[in-house]
Amino acid sequence: MDELVIKVYGILKDATEEVCEKNEAAAKVQRKIDSGAYAYDYVHSELIPERDHLKFEARDKAGIARERANEAIDEWQAKVKTLDILNPDDVVEGDYRLLTCGLPLTADDVLAIIDRGKAAGNRTMQQLCYRYAETHDLELPRDRSYRSAAQEARKADSLREVINIYVKNWMAADEAASMLQKLFGVTEN
């Protein structure tokens, strides 16, 4: 999982725990109401308002989680807009000479430059390598693929859809935690 997905998952996981606690407390109060062991006035003046307040808090926490997750996506999308802009200050002279000297590079040569760029956080050199590979019909392994700003934006939009579906349909459900793990491909003990 990448940085954005991990952040959104963490936000939703924490909120799910809080929502489940509130829902469990509301269910406990509902059982008291259903038991018939309490006076009518007490049920209507104390228990029902308590249950309703707990349910409201659960919905509120879910809404706040949705907002926080969407804010994380908004921040990511603002950052992503700059990803495809090449920065001449980031060009590594030796690697750039290899890419432009006219000598055909192998996929392993290009991957080595990509790895150096990734290790240094140098998106410019990574982009130059992927563009070189595309221009020279070099096939790079799928696990080393490059995501453009447009692809990152589409991923963020898809993640936003997952958030909305989860919060609307699953966050308050008994199986919320397991569904969250399934949606994000997480396995936890």
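Note that the structure is predicted; figures quoted are calculated from it, not measured.

Student: So, the pattern of salt bridges: which residues are in play, and what are the values?
Tutor: Under the defined criterion, the tally for this structure stands at 10 salt bridges. For Glu93, the salt bridge is made with Arg97, and the minimal N-O distance between the two is 3.6 Å. Within this pair, Glu93 and its partner Arg97 are both found in helix 3 (residues 93–100), separated by 4 residues, close to a single helical turn. Looking at Arg97, the relative accessible area reads 52%, which means it is exposed. Each of Asp2, Glu152 and Lys155 takes part in salt bridges that share partners, so that together they form one network.

Student: Account for unusual backbone geometry, naming residues and giving values.
Tutor: Most of the time, phi is negative for any residue but glycine, and the peptide bond is trans. Look at Asp137: it is not a glycine, yet its phi comes out positive at around 50°. Following the sequence through the fold, Asp137 ends up in the loop between helix 5 (123–135) and helix 6 (149–169).

Student: Just give me the short version of the side chain of Thr124, but keep the residues and values in it.
Tutor: Residue placement: Thr124 occurs in helix 5. By relative accessible area, which is 3% here, Thr124 ends up buried.

Student: How would you summarise helix 4 (residues 107–119) if you had to cite specific residues and measurements?
Tutor: Here helix 4 contains 13 residues, and its C-alpha end-to-end distance of 18 Å stays within 8% of the 18 Å for a straight helix at 1.5 Å per residue. Among all positions of helix 4, only Val110, Leu111, Ile113, Ile114 and Gly117 are buried. One side of helix 4 holds all its buried residues, which, seen down the axis, span an arc of 160°. Structural note: helix 4 exposes Asp108 and Ala119 on the side pointing more than 90 degrees away from its buried face. Positive phi appears at Gly121, one or two residues downstream of helix 4, with a value of about 70°.

Student: Quick rundown of helix 2 (residues 40–80)? Include the residues and the values.
Tutor: Taking 1.5 Å as the rise per residue, helix 2 with 41 residues should run 60 Å; its terminal C-alpha atoms sit 58 Å apart, in good agreement. At Leu47, helix 2 shows its maximal kink, close to 30°; a proline, Pro49, follows between one and four residues later.

Student: Give me the environment of Lys7: which residues, what numbers.
Tutor: Residue placement: Lys7 occurs in helix 1 (residues 3–35). Judged by its relative accessible area of 43%, Lys7 is partly exposed. When the C-alpha positions of Lys7 and Ala69 are compared, they lie 7.9 Å apart, and in sequence the two are 62 residues distant. Look past the residues within four positions of Lys7 in its chain and what remains in contact with it is Ala72 and Glu75.

Student: Would you mind going over a negative patch on the surface in detail, with residue names and values included?
Tutor: Residues Asp14, Glu17, Glu21, Glu24, Asp174 and Glu175 make up a contiguous surface patch of negative charge. Inspection of the secondary structure assignment puts Glu175 in the loop between helix 6 and helix 7 (176–184). Using a relative accessible area of 40% as the deciding quantity, one classes Glu175 as partly exposed.

Student: Talk me through the nonpolar core; I want residue IDs and the actual numbers.
Tutor: Counting residues in hydrophobic clusters, the biggest one holds 28 residues, and the most contacted among them are Val8, Leu12, Met171 and Phe184. Elements with a minimum of two residues in this core: helix 1, helix 2, helix 6 and helix 7.

Each value, and the rule that gives it
Residues numbered from 1 in each chain as written. Predicted model: local features only at pLDDT ≥ 70, side-chain atom pairs only at ≥ 80, totals over all residues. Heavy atoms only, no water. Salt bridge = Lys/Arg side-chain N within 4 Å of Asp/Glu carboxyl O. Helix = DSSP H or I, 4+ residues; strand = E, 2+ residues; numbered from the N terminus. Buried < 20%, exposed > 50% of the residue type's maximum accessible area, 1.4 Å probe, protein only. Expected span 1.5 Å × (residues − 1). Arc of directions from axis to C-beta. Bend = angle between axes of the 7 residues up to and from the residue. Contact = heavy atoms within 4.5 Å. Patch = residues over 30% accessible without salt bridge, like charges linked within 9 Å, V, L, I, M, F, W, Y side chains within 5 Å. Areas by Shrake-Rupley, 256 points an atom, 1.4 Å probe, with all protein chains shown as cover. Lys, Arg positive; Asp, Glu negative; His and termini not counted. Charge placed at Lys NZ, Arg CZ, Asp CG, Glu CD. Core = buried A, V, L, I, M, F, W, Y, C linked by side-chain atoms within 4.5 Å.

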